[in-house]
Amino acid sequence: MMPLRRFQMHQPRSVTEAAEMLAHYGEKGRLYAGGTELLLAMKHDLLRYEHLVDVKTVPGLNKIEIKNSSLCIGGTATHRAIEKSSLVGKHLPVIAEMARHVANVRVRGTGTLGGNLCFAEPHSDPATLLLALETRVQVQGRSKERTLTMDELITGAYETSLAEDELLTLVEIPIPAKSQRAAYLKFQIKERPTLGLALVMDVDEAGDAIRKARAVVGSVSPKPCRSDEAEALLVGAKKEVEKQLADAALALADAADPVDDLEGSTEYKRHLVGVFLRRAFNKALSTPA
Ligand SMILES: Cc1cc2nc3c(=O)[nH]c(=O)nc-3n(C[C@H](O)[C@H](O)[C@H](O)COP(=O)(O)OP(=O)(O)OC[C@H]3O[C@@H](n4cnc5c(N)ncnc54)[C@H](O)[C@@H]3O)c2cc1C
């Protein structure tokens, strides 16, 4: 590892000031949150910045609260704070459970949700689950604020649609109805997940039929992926859907088009999609979102 090149750290007191700093420093500057990705990449000389803008000094950006029937998580909330939050545990336990298994406790204590989503590293647990939960994020630049879906935010491996002066300020997750069930499962043998699979289903009162489903597979390709065909096969009488799970998994794997890499071959990952979709289906049916 290389010694870190010199850089200057800036401490904005508001989102607007942070956006102005980002615009001012342009390519020489970067937003800094927990630094768990950024500093590592800088130590390896993969990224070079002369100015880092510490978003954690902006007051209030780490809040976790309920507003307008949504769980609102500030961009600088750490994975650990999310894991430990009683609000998250009460309203969206599937998120608390996912956060508990991100990285290790040291990274969770420093790394933020905003940093995870905006780095857009393909092996992200939150990106996969949050897409299934129909999450929106608020981003703010010098002159305007935008609301984006997860699909609009993450455009590819290490790529987002954020402009140079924009920062992610809030993650808004609709609180699921009582009829919704959710599961997030991952398969991991190395430092980061080989596959993450999130399934959110709306079921009838008896639990015999699925009225709506969102299935997302992540970590196997550049960004988390859904498939209309797979989701159509996951709707209907439970017994029928059980028979269609293998076809739904094929459709989801086709849409994701897994890459062949050090985590495993394309065929191996396609197989994992089938195994984990079935497990997620069984788990989701017994777990409120
Ligand atoms: C050993 C290790 C294991 C890991 N395992 C997992 C795992 O199992 N699952 C998983 O999902 N992740 C894993 N991660 C990734 C981890 O979740 C991220 O490193 C962390 O969340 C990044 O947050 P940060 O605050 O440290 O971001 P930083 O490193 O500070 O920033 C990362 C990038 O995001 C940008 N950024 C940060 N905050 C914002 C914002 N609010 N708005 C706009 N841009 C912003 C920065 O400019 C930078 O480009 C692992 C990381 C490590 C080091």
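Higher on the page you've got the structure.
Residues numbered from 1 in each chain as written. Predicted model: local features only at pLDDT ≥ 70, side-chain atom pairs only at ≥ 80, totals over all residues. Heavy atoms only, no water.

J.: When you look at the nonpolar core in this model, what are you seeing that I'm missing?
T.: Across soluble globular proteins, nonpolar side chains have a tendency to be buried as a group. If you look at the biggest cluster of nonpolar residues, it comprises 36 residues, and the most contacted ones within it are Ile95, Leu117, Val171 and Ile173. Both of domain 2 (64–174) and domain 3 (180–285) provide at least three residues apiece to this core. Those residues in contact with Ile173 that lie beyond four places of it in its chain are Ser70, Leu71, Ile73, Leu92, Ile95, Leu130, Leu133 and Thr135. Counting 32 residues, the second-largest nonpolar core is a separate cluster that includes Ala230, Leu233, Leu272 and Ala284. (Core = buried A, V, L, I, M, F, W, Y, C linked by side-chain atoms within 4.5 Å. Buried < 20%, exposed > 50% of the residue type's maximum accessible area, 1.4 Å probe, protein only. Domains from an automatic or database assignment. Contact = heavy atoms within 4.5 Å.)

J.: I keep staring at the site of the ligand and nothing clicks. Help me out?
T.: The environment of the ligand is formed by 32 residues, the closest being Leu31, Gly34, Thr36, His79 and Thr112. Note that a nitrogen atom of the ligand is positioned 2.8 Å from one of the backbone N or O atoms of Leu168. Within the complex, 96% of the 970 Å² of free accessible area of the ligand lies under protein. Of the residues contributing to the shell around the ligand, the split by class is 14 nonpolar, twelve polar and six charged. (Near = heavy atom within 4 Å. Polar contact = N/O pair within 3.5 Å; in protein donor to acceptor, adjacent residues only side chain to side chain. Areas by Shrake-Rupley, 256 points an atom, 1.4 Å probe, with all protein chains shown as cover. Nonpolar A, V, L, I, M, F, W, Y, C, P; charged D, E, K, R; others polar.)

J.: Explain the sheet that holds strand β11 (residues 180–187) here, please?
T.: Strand pairs in the sheet, formed through backbone hydrogen bonds, run parallel or antiparallel to each other. Strand order across the open sheet formed by four strands is β11-β12-β13-β14, with antiparallel pairing between neighbours. Here the strands that pair on one side only, and so sit at the sheet edges, are β11 and β14 (236–237). Bridge count between strand β12 (residues 195–203) and strand β13 (residues 209–218): eight bridges; the pairing is antiparallel. Across the sheet, the residue bridging to Ala198 is Val216, located in β13. With respect to the sheet, helix α12 (residues 266–285) is in contact with β11, β12 and β13, its orientation differing from that of β12 by roughly 35°. (Pairing = 2+ DSSP bridges. Helix = DSSP H or I, 4+ residues; strand = E, 2+ residues; numbered from the N terminus. Axes fitted to C-alpha atoms, helices over the stretch in contact; angles between N-to-C directions.)

J.: Help me understand the side chain of Ser85, please; the structure alone is not making it clear to me.
T.: Along the polypeptide, Ser85 turns up in the loop between α3 (79–84) and α4 (86–91). On the basis of relative accessibility, which here comes to 13%, the residue Ser85 falls in the buried class. At 3.1 Å, the side chain of Ser85 and the backbone nitrogen of Val88 are in polar contact.

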